[in-house]
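Here are the chains, one letter per residue:
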Amino acid sequence: MCLAIPVQVKEVLPGEMARVTLDGVSKVISTALVDDVQPGDYLVLHVGYALAKIEPEEAERTLELIRQAAEGVAA
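Every value quoted in this text rests on a predicted model; they were computed, and no experiment measured them.

A. Representation of the pattern of salt bridges in the model. Tallied over the entire structure, the rule returns five salt bridges. The partner of Lys-53 in a salt bridge is Asp-41, and the shortest N-O contact between them spans 3.5 Å. A residue pair is termed long-range when its members are at least 10 positions apart, and Lys-53 in strand β5 (residues 49–54) and Asp-41 in the loop between β3 (25–30) and β4 (42–46) qualify at 12 residues. Residue Glu-64 pairs with Arg-67 through a salt bridge whose shortest N-O separation is 3.8 Å. You can see Glu-64 and its partner Arg-67 sitting in helix α1 (residues 56–74), three residues apart, about one turn around the helix. According to the relative accessible area criterion, Glu-64 is partly exposed, its value standing at 36%. Salt bridges sharing partners connect three or more residues here, namely Asp-23, Glu-64 and Arg-67.

Dropping the structure here:
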């Protein structure tokens, strides 16, 4: 099974790379597959590669579902 998660772009870097965050964790990822990435954008991330941009509302809904699922597993 594969999982892609929403992340927010904090900084666009040279070489089609960007620094993104998720719950305070920062990571440098490839943005080679997505056009016109800007700070503040939300991207769908899979194995270090951004696959697509998504709307902030959709990113927040998805992250909330992931949090709820994690709480259910921990309970």
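Read on, since the account is not over.
B. The arrangement of the environment of Lys-27 in detail. Topologically, Lys-27 is positioned in strand β3. Lys-27 sits in the partly exposed class, given a relative accessible area of 42%. For Lys-27 and Cys-2, which are 25 residues apart along the polypeptide, the C-alpha to C-alpha distance reads 19 Å. Residues contacting Lys-27, with those up to four places away along its chain left out, are Ala-18, Arg-19, Val-20 and Gly-48.

Reading the values: the criteria
Residues numbered from 1 in each chain as written. Predicted model: local features only at pLDDT ≥ 70, side-chain atom pairs only at ≥ 80, totals over all residues. Heavy atoms only, no water. Salt bridge = Lys/Arg side-chain N within 4 Å of Asp/Glu carboxyl O. Helix = DSSP H or I, 4+ residues; strand = E, 2+ residues; numbered from the N terminus. Buried < 20%, exposed > 50% of the residue type's maximum accessible area, 1.4 Å probe, protein only. Contact = heavy atoms within 4.5 Å.

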